[in-house]
Amino acid sequence: MSTFIQLPDYDSTIHRDILDSLLRGEANDGSRIIEDCEMQAIAEMKSYLNKAYDVEKIFTAQGTARHPLVLMYAKDIAVYHLSCIHNPYKMSQVRKDRYERAVDWLKGVAAGLLTIDGAPRLPEEEAADKSPWQIENNEFRTTHF
């Protein structure tokens, strides 16, 4: 399993019996499925957050060192992916809404409209390299008459 999201963390997002039914009750296959969905959720989040934040530090944190808001949205995205595997046509509207809310939040962070208070940021020069605005000027040239 991912070290960022642990199985007991899902208790605040989804009932255990519903999670077990999404995992089809199979111990070995179920753990692989949930691990795949967690890795997909983390990869999706990294693609939005990597411009300004140190995603390696964020997603390798464990226990109470994890940022609670990032963890909440990671669980929502992972459970959405699990629900899509189970039966995407009868998915709960709550799951869809929470996924859309997570993606909207990620888009806001990526655009710089929102910040993640307390999350480790990239060093200034590394963040400048990932900026969409790269402004440089040509060498000064003298005019000859």
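Our structure is the block above this text.
Please read these numbers as outputs of a predicted model, since none were measured by experiment. (Residues numbered from 1 in each chain as written. Predicted model: local features only at pLDDT ≥ 70, side-chain atom pairs only at ≥ 80, totals over all residues. Heavy atoms only, no water.)

On a plain count of helices and strands, the protein comes out with six helices and zero strands. Ordered by position from the N terminus, the helices and strands of the protein form the series α-α-α-α-α-α. A burial count over the protein gives 37% of its 145 residues as buried. Within the protein, contacts between residues at least 6 apart in sequence are counted, and of these 74% link residues at least 24 apart. Working note: accessible area of the protein is about 9,600 Å², and carbon and sulfur atoms make up 52% of it. (Helix = DSSP H or I, 4+ residues; strand = E, 2+ residues; numbered from the N terminus. Buried < 20%, exposed > 50% of the residue type's maximum accessible area, 1.4 Å probe, protein only. Contact = heavy atoms within 4.5 Å. Areas by Shrake-Rupley, 256 points an atom, 1.4 Å probe, with all protein chains shown as cover.)

By the secondary structure assignment, K75 is in helix 4 (residues 68-86). Of the side chains with opposite charge, D9 comes closest to the buried, unpaired K75, at an N-O distance of 5.8 Å. With sequence-adjacent residues up to four places away left out, K75 is seen in contact with I5, D9, Y10, S12 and T13. (Lys, Arg positive; Asp, Glu negative; His and termini not counted. Salt bridge = Lys/Arg side-chain N within 4 Å of Asp/Glu carboxyl O.)

What follows deals with the side chain of H67. Along the chain, H67 turns up in the loop between helix 3 (55-60) and helix 4. A relative accessible area of 18% places H67 in the buried class. In terms of polar contacts, H67 uses its side chain to reach the backbone amide nitrogen of L69, at 3.3 Å. (Polar contact = N/O pair within 3.5 Å; in protein donor to acceptor, adjacent residues only side chain to side chain.)

Below, the discussion takes up the nonpolar core. M45 and F59 are the most contacted members of the largest nonpolar core, which totals 36 residues. Among the secondary structure elements, those contributing two or more residues to this core are helix 1 (16-22), helix 2 (27-49), helix 3, helix 4 and helix 5 (93-111). It is helix 4 that provides the largest number of residues to this core, a total of nine residues. Leaving out residues up to four positions away in the same chain, M45 has contacts with F59, V70, Y73, A74, I77, W105 and L106. (Core = buried A, V, L, I, M, F, W, Y, C linked by side-chain atoms within 4.5 Å.)

By the element assignment, I5 lies in the segment before helix 1. Residue classification places I5 among the buried residues on the basis of a relative accessible area of 0%. On a C-alpha basis, the gap between I5 and E38 in space is 7.3 Å, while along the polypeptide they are 33 residues apart. Those residues within four positions of I5 in sequence are excluded, and the remaining contacts are Y10, E38, R66, L71, A74 and K75.

Quick look at the packing of aromatic side chains now. A full pass over the atoms with the stated rule returns three aromatic pairs. On the basis of an interplanar angle of 70° and a centroid distance of 5.1 Å, the ring pair of F4 and F59 is categorised as edge-to-face. Of this pair, F4 sits in the segment before helix 1 while F59 sits in helix 3; the two residues are 55 residues apart in sequence, bridging distant segments of the chain. The exposure class assigned to F4 is buried, which follows from its relative accessible area of 0%. When the ring of Y80 is compared with that of Y99, the centres are 4.0 Å apart and the planes differ by 10°; the resulting orientation is stacked. Of the two residues, Y80 is situated in helix 4 and Y99 in helix 5; the sequence distance between them amounts to 19 residues. (Phe/Tyr/Trp six-rings, centres within 6.5 Å; stacked < 30°, edge-to-face > 60°.)

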